[in-house]
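Chain and residue survey
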Amino acid sequence: MSAKIRRFLIGLVSVLLVIAVGGTIFGKNWVKTNAPRSFPQVDGEISLSGLDGPVDIYRDEMGIPHIYAATLHDLFMAQGYVHAQDRFWQMDAWRHIGSGTLSEMFGKAQVKTDTFLRTLGWAQIAEQEWDDLSPESRAILTAYSEGVNAYLDGRSGTELSLEYGVLKLLNADYVPEAWTPVNSLTWAKAMAWDLRGNMGAEIERAILLKTLTPEQVDTLFPPYPEDHPLIVPTIGENVAQTDHPRTTPSAAIDAATLAAVQSNFAMLDDVLGPVGDGIGSNSWAVSGALTDTGMPLLANDPHLGIQMPSIWYQIGLHCQPVSQACPYEVGGFSFAGVPGVIIGHNDRIAWGFTNVGPDVMDLFIEKTNPDNPNQYEADGAWVDFETRTETINVGGGDPVEITVRLTRHGPVISDSYGPLKDNDLEKDKEAFRDKAGIDLPENYVIALSWTALEPGNVFEAIWGFNKAQNWDEFRQAARMFVVPAQNLIYADVDGNIGYQMPGRIPVRASGDGRFPVPGWTGEYDWTGYIPFEELPYVFNPQSGYIATANNQVNPWDYPYLITYDWDYGFRARRIVDLLDAAPPQIDIAYIQQMQGDNKNLNAETLVPILMQIPLPDERLVETRAVLENWDYQNDMDSAPAALFEVFWKNLLADTFHDDLPEDYWPGGGSRWFEVIRNLAAQPDNAFWDDQATTDQVETRDDIFARAFADAASEIEDLQGKDPAKWAWGDLHTATFENQTLGQSGIAPIENLFNRGPFPTAGSKNIVNATGWDVTEGYFVDWLPSMRMIVDLGDLRNSLTVHTTGQSGHAGHQHYIDMADLWRNIEYYPMYWDEQGVVGNSEAHLRLVP
């Protein structure tokens, strides 16, 4: 959540804080009275108007609902009902993000965020998508909305969720509106933003070119390493090699304008969660030729921002009977707010996702008319901006009207909505302008081209996966998965494994998407998309397995550009190594071991160098001895892991803080693993030199020694002088925070909704990928949001876990009952057949007309 929501809440709640701390508002009595009001009925019988017939909902011991219905309408109406039962606050908050109406809930502090969201136009695009949907898809979304609204009918405030009891004190007039199908469609836009790819890198490169040479920038953005795996090493036969040389920008943008763009992007990152080179996922499928059952195993663990409740809602959807009119027999993970199962399996196939991260966003510099600010140049002529007027309704305040400008490349996103609005931008331009290649026009704006700003039908792809019975049907559905492009991993009960990369991947007339480009000539325009038939895929490879971890997809001789900004493949390297070293018959236990693997390849590279470097005193030598004989596993109780990660943080700071603007200090992700790995082989590289010391030129060994001395002092401050008491898990903790009120800055409110801290293992770019940002602290900021293992030999053996619990209701028994399982790499069954579901149910609810 953004600092603006936090400031808004602090301002309004400060007058209540003394009372709250005293316990009369947010104390035990208030919680005891109000929290249970939101707990849904899960046993007995409920009458719902609009059902075709009775629906049975069994909840297993983890609170996961398994829905049995006779018609498609009733199946998805019931899914909407149970989503609203357990997660309506989460659904409500997400739809306000998707539609750019956060101000309706949280007041004027969110007007700037809503302005940028309205500029992107997600709601308008979702409306177009609704118009383009098939009749069956409309029927699914309509039935789902009916189910949500059936639950909302007659309920308000804490009957829906405890958060509304707090919100009432801040925005007394807020009443949730009825759910609509378009509310579900906007979810895809929010996820596309979350998984958008390299836009941050494009801006960062442009800014760094003001103080670094192009060669130095390339050092900080190295190519994908040749010793790390590709997802699809070969495609077809005799594919002509096409070179995609890296380019420098044809024009630089002044720092003030870039800062405004970055500020607008940061507003959404504050709301939707962090984005960086660590956000990703793992998946792999293993052929039956390598397993103990002779049938495939499929594993998936998507990495997303830490939050409360879990982003996932596990569910089973069962038509009884399965027929052409009601073809769904599927279980797995859904998004609360969206019908269907996003990741999971049906009776024939299983599938999982990891993010591709293609370059599908470009910044275009648009030359504006100095005599008419309503015009911009296109191919030598002045043309009018397309405009639309939007009204932002503000809870507790007056409506705000804004005008959105659009160019042929997309919306104008460089208007200053933050503190820069009052700055002297022309003065900033003169101070920071650093032209390269061509002169910048005196008057310009920046427009965004992004594939998610075109109508698509990604949920039709999801529903296609839910129904698919074989590889051909799965690939046919994948054609509709246009954005965000995902690595689609596949296995089926016939023994096949496969991989498909889908998505709209732009083909550029010129340029490589690494820098902002002139928009007035058309030279860098998109000319189309890579044809689906030519996107990378593989089916039953000779290796017997397929592994994806956001690493480079395509072979080196692939004729199209997907991106330069891949994850650098350290997780992929470890996964492939584990598969290559696996026992002759891989079983589920081995897959569990893989998902919980904590091997730190970064440490494996750097510790041997550190062990050879002279240190200035015996105390440091003794401290360094902690690293001797370390197996490089970042386990929770590991002292060497704690010491190394503190060293890693200080190594990045001592190496780069003197060279880079503070906003671009290293966060420690896979790119920095590769940068340091490359620099470590160049002990005299200029990046090792500390620019603050004018009387000497530092080398790699000097910086390693300094960083280790800093680390030794820091870890003693954090965990004491006795290394036996050091433990990585005590530094690296996970706190699950409600993404709105749980980040208010008001402890009594936060304590209602947040849970943690929980010690965790793993780290960035480790298979057990619990991320952290070295500029922020050692706490977990993104993580494996769920883990799933599907046994295609017997679906009843499949296992899973997600992070918090099924319920979004604070105080409910299923609010935080998964956290210890998750952090200890433990699992629970994915019940599949009706006998197993009913036999292990803790509740049975029947919905009747």
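What counts, and where the lines are drawn
- In every chain, residue numbers begin from 1 and rise along the written sequence.
- It should be noted that, the model being predicted, local features are given only for residues of pLDDT at least 70 and side-chain atom pairs only at 80 or more, the latter also being counted only at that level, while totals for whole chains, interfaces and linings use all residues.
- Water and hydrogen atoms play no part in the side-chain values, which are based on all heavy atoms of the structure.
- Think of it this way: any DSSP run of H or I at least four residues long counts as a helix, any run of E at least two long counts as a strand, and we number them from the N terminus.
- Relative accessibility thresholds used throughout: buried, under 20% of the residue-type maximum; exposed, over 50%; partly exposed, between the two (1.4 Å probe, protein chains only).
- Should any heavy atoms of two residues lie within 4.5 Å, those residues are counted as being in contact.
- Values of accessible area rely on a 1.4 Å probe in the Shrake-Rupley scheme; residue burial ignores everything except the protein chains shown.
- Between N or O atoms, a polar contact is any pair within 3.5 Å; within protein, one atom must be a potential hydrogen donor and the other a potential acceptor, and residues adjacent in sequence are included only when both atoms are from side chains.
- Two strands qualify as a pair provided that DSSP identifies no fewer than 2 bridges between them.
- Fitted lines through C-alpha atoms serve as axes, helices being fitted only where they are in contact, and the angles separating the N-to-C directions of these axes extend from 0 to 180 degrees.
- Every residue gets a pLDDT, meaning the predictor's confidence in that residue, from 0 to 100.
- Cysteine sulfur atoms that come within 2.5 Å of each other are treated as a disulfide pair.
- Buried and open spaces are told apart on a 1 Å grid over the protein atoms alone, a cavity being a set of points where a 1.4 Å probe fits but cannot get out and a pocket being an open set with protein on both sides within 12 Å along at least five of seven lines. Residues with an atom within 4 Å of a point are the lining residues.
- Grid points are joined across faces, edges and corners, and a volume is the space filled by probe spheres set on the points.
- Lys, Arg, Asp and Glu make up the charged group, whereas Ala, Val, Leu, Ile, Met, Phe, Trp, Tyr, Cys and Pro make up the nonpolar group; the residues left over, Gly among them, are polar.
- This arc is taken over the directions from the axis of the helix to the C-beta atoms.
- Two rings from Phe, Tyr or Trp (for Trp, the six-membered ring) form a pair when their centres sit within 6.5 Å of each other. Planes less than 30 degrees apart are called stacked, planes more than 60 degrees apart edge-to-face, and all others tilted.
- Throughout this description, the term charge over a ring refers to an Arg CZ or Lys NZ atom that lies within 6 Å of the ring centre and within 35 degrees of the ring normal.

**Brief notes about the overall build of the protein**
The number of helices and strands found in the protein is 26 helices and 31 strands. Considering the protein as a whole, with its 849 residues, one finds that 63% of them fall into the buried category. Long-range pairs, those at least 24 residues apart, make up 74% of the contacts in the protein with a sequence separation of at least 6. Put simply, the protein shows about 30100 Å² of open surface, and 48% of that area lies on carbon and sulfur atoms.

**Re the environment of S785**
Mapped onto the elements, S785 comes out in the loop between β27 (777-784) and β28 (786-791). Given a relative accessible area of 3%, S785 falls into the buried group. Residues S785 and I306, spaced 479 residues apart in sequence, show a C-alpha to C-alpha distance of 7.5 Å. Leave out the neighbours within four places in its chain, and S785 touches P302, H303, L304, S310, I311, W312, H802 and T803. One polar contact links S785 to W312, side chain to side chain, over a distance of 2.7 Å.

**Let's talk about the sheet that holds strand β13 (residues 386-392)**
Strands sit in the order β13-β14-β15 across an open sheet of three strands; the sheet is antiparallel. In this open sheet, the two edge strands, each paired with only one partner strand, are β13 and β15 (410-411). Bridging between β13 and strand β14 (residues 400-407) involves seven bridges; their strand directions are antiparallel. Note on β14: the bridge partner recorded for T387 is R405. Sitting on the sheet, helix α5 (residues 111-120) is in contact with β13, β14 and β15, with an inclination near 145° to β13.

**Concerning the confidence of the model for the protein**
As a note on interpretation, predicted positions should not be read in detail where pLDDT is low. Within the protein, residue pLDDT values average 90, and 89% of them lie at 70 or more. pLDDT under 50 marks residues 236-245. Its contacts with residues more than four places away, or in other chains, come to 15 contacts.

**Things to note about the state of the cysteines**
The tally for this structure, following the rule as stated, stands at one disulfide. Note on cysteine connectivity: C319 is disulfide-linked to C326, with sulfurs 2.0 Å apart. Taking the sign of the S-S torsion, about -75° here, the bridge from C319 to C326 comes out left-handed. In this structure, C319 and C326 share a single accessibility class: buried.

**A closer look at empty space enclosed by the protein**
The tally for this structure, following the rule as stated, stands at 11 cavities of 30 Å³ or more. Considering the residues around the largest cavity, the lining is formed by 21 residues, among which M191, L195, F335, I342 and F353 are closest to the centre. Those elements that place two or more of their residues in the lining of the largest cavity are α9 (181-194), β5 (297-305), β9 (349-355) and α14 (458-467). Residue composition of the lining of the largest cavity, by class: 17 nonpolar, four polar and no charged.

**Some words on helix α6 (residues 122-132)**
Residues separated by three or four positions in an α-helix point in the same direction, a consequence of the helix having 3.6 residues per turn. Within α6 the residues assigned to the buried category are W122, I125, A126, E129 and W130. All buried residues of α6 fall inside an arc of 145° around its axis, so they share one side.

**Some thoughts on unusual backbone geometry**
For the bond from M308 to P309, the omega torsion is -5°, close enough to zero to count as cis. Along the chain, P309 falls in the loop between β5 and β6 (313-319). The step from G756 to P757 runs through a cis peptide bond, and the omega angle for that step is 5°. For P757, the location among the structural elements is in strand β25 (residues 755-759).

**Considerations on the packing of aromatic side chains**
This model, assessed by the stated rule, comprises 43 aromatic pairs. Centre to centre, the rings of F736 and W822 are 5.9 Å apart; their planes meet at 80°, and the pair counts as edge-to-face. With F736 in strand β24 (residues 733-736) and W822 in helix α25 (residues 819-823), this pair connects stretches of sequence that are 86 residues apart. Residue F736 is classed as buried on the basis of its relative accessible area, which comes to 0%. Overall, the relative accessible area of 1% leaves W822 in the buried class. Put simply, the rings of W351, F353, F465, W471, F474, F481, Y490 and F539 pair up and form one aromatic cluster. Its guanidinium or amino end placed over the ring of F385, R405 lies 4.8 Å from that ring's centre, counting from NZ or CZ.

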